[in-house]
Amino acid sequence: MTKILGIMTHRVSRPQAFNRHAKSAIAEKFDGLLVYTPKDVSIKRRVISGSLYRNGSWARATVPFPKMNLDIGFYTPEDMHRATIVKKSSRLPFTAYGLGNKCRIQSHLVQSAYLKPYLLPTEQVKSAEAFIAFLKKHESVMLKPINGWGGRGIIRVTLHKEHFTVQRDGKKNQQLPRSGLGGYIRGVLGTGRHLMQKWIDIRGSRGGVFDIRALVQKNGNGQWQTSGMAVREGKRGKITSNIKSGGDAFGVAQYLTKEFGAEKGEKLTETVAEVAEYIPSFLEKSYKSRLSELGIDLAVDTSGKLWLIEVNIKPGKTIMKRVYGHKAWEQSLHIGFQYARQLLEK
């Protein structure tokens with residue numbers, strides 16, 4: 001039986017862009033790699049028309065469903081609907097399944113007594129009026145697209161006596177009259193669903209916002225491991241720590257020790273590791289579903305309190321290269337293929 005590994009993604013403009021993935025698949029004793037989009041899948045005929053890598057070259061091919069698949073796509077709402085249908089097919093198994101949007105993930109996280117002390121007040125924005133009530137209670141609020149990723153579309157809204165201010169990365173801060181708050185929020189909500197989360201001051205001593213990304217992955221034995229943890233520090237004046245928009249990365253223990261002293265820094269580093277270790281198994285049990293990797297984002301406010309910001313199912317791995325070096329980064333990219341092989345053998 002030919003063992004082809006499938007990779008579903010949002011776009012395949014050049015199959016050669018997936019040469020690294022093909023190399024990993026072959027290294028794990030797969031006979032080839034099929035790269036495809038959700039639209040390429042015929043559930044009725046149980047075949048996929050995609051780009052097939054075999055014997056050192058790429059070609060278009062229509063093949064039966066691969067016995068194991070990875071999903072690495074970032075989909076538009078339209079494509080997400082199709083991808084969800086594809087992943088519900090029991091005949092097309094994936095190494096991992098979705099967690100839903102940020103609000104759905106939050107609804108699972110709050111069920112854990114262990115995690116509750118680390119969770120920020122977070123709700124889906126149902127109306128401008130509900131947002132204003134939340135803002136009055138917390139004074140400063142982060143407004144996030146419910147399906148957003150990479151820091152895109154995040155806004156900080158802060159309420160003052162006569163006005164409110166709006167901050168977003170890459171744009172000049174706005175100061176608007178308080179009477180226009182409802183209209184402004186209705187405009188934001190018109191672009192899609194959002195959640196609101198209490199703002200906390202997570203600026204470091206250099207003035208930049210920082211958070212901590214823990215990368216947890218299933219290895220070739222099917223066991224969860226923490227592949228790496230790193231502090232991401234944004235540029236001064238930015239409201240997010242995203243590395244792609246000019247941020248930097250540092251070792252966790254080193255950074256937290258510098259910010260909070262040796263004893264507190266060590267304790268925070270240990271707690272970050274414990275929370276990161278706890279979440280994957282908890283979510284698999286809570287969702288009754290299989291996962292393969294997570295990016296767990298935590299933050300420490302200026303008082304030294306640790307918070308869980310969010311959990312990402314398709315985490316970027318740039319921090320691995322920045323903090324741990326090229327070899328560790330390559331391993332973090334390869335480990336999903338080891339897990340795919342383990343599942344296939346099992």
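All values reported here derive from a predicted model rather than from experimental measurement.

## What about the sheet that holds strand β16 (residues 293–300)?
Here comes step 1: Strand order in the open sheet formed by five strands is β15-β14-β13-β16-β17, with antiparallel pairing between adjacent strands. Each of the sheet's edge strands pairs with one partner strand only, and the pair in question is β15 (248–251) and β17 (306–312). The average undirected angle you get between the axes of adjacent strands in this sheet is 30°.
Here comes step 2: Alignment of strand β13 (residues 210–218) against strand β14 (residues 224–233), held across nine bridges, turns out to be antiparallel. Opposite Arg 213, over in β14, you have Ala 230 as the bridge partner.

## Observations regarding the sheet that holds strand β9 (residues 155–159)
Here comes step 1: If you walk across this open sheet you meet the six strands as β7-β12-β8-β9-β10-β11, and the pairing is antiparallel. Each end of this open sheet is capped by a strand with a single partner; those strands are β7 (122–124) and β11 (174–177). The mean angle between the axes of side-by-side strands here comes to 25°, regardless of whether they run parallel or antiparallel.
Here comes step 2: The pairing of strand β8 (residues 140–145) with β9 spans four bridges and is antiparallel. What sits directly across from Leu 143, in β9, is Ile 155.
Here comes step 3: Helix-sheet contacts for helix α4 (residues 128–138) involve β7, β8, β9 and β12 (194–198), and the interaxial angle to β8 is about 140°.
Here comes step 4: Together, β8, β9, β10 (163–167), β11 and β12 form the strand contacts of helix α5 (residues 181–189), whose direction differs from that of β9 by roughly 165°.

## Some points on unusual backbone geometry
Here comes step 1: Although it is not a glycine, Asn 55 adopts a positive phi angle of roughly 55°.
Here comes step 2: Given a relative accessible area of 76%, Asn 55 falls into the exposed group.
Here comes step 3: The phi angle at Lys 288 is positive, at roughly 55°, despite the residue not being glycine.
Here comes step 4: Counting through the fold element by element, Lys 288 comes out in the loop between α7 (262–287) and β16.
Here comes step 5: On the basis of relative accessible area, Lys 288 is assigned to the exposed category, the value being 77%.

Basis of the calculations
- Residues numbered from 1 in each chain as written.
- Predicted model: local features only at pLDDT ≥ 70, side-chain atom pairs only at ≥ 80, totals over all residues.
- Heavy atoms only, no water.
- Pairing = 2+ DSSP bridges.
- Helix = DSSP H or I, 4+ residues; strand = E, 2+ residues; numbered from the N terminus.
- Axes fitted to C-alpha atoms, helices over the stretch in contact; angles between N-to-C directions.
- Contact = heavy atoms within 4.5 Å.
- Buried < 20%, exposed > 50% of the residue type's maximum accessible area, 1.4 Å probe, protein only.

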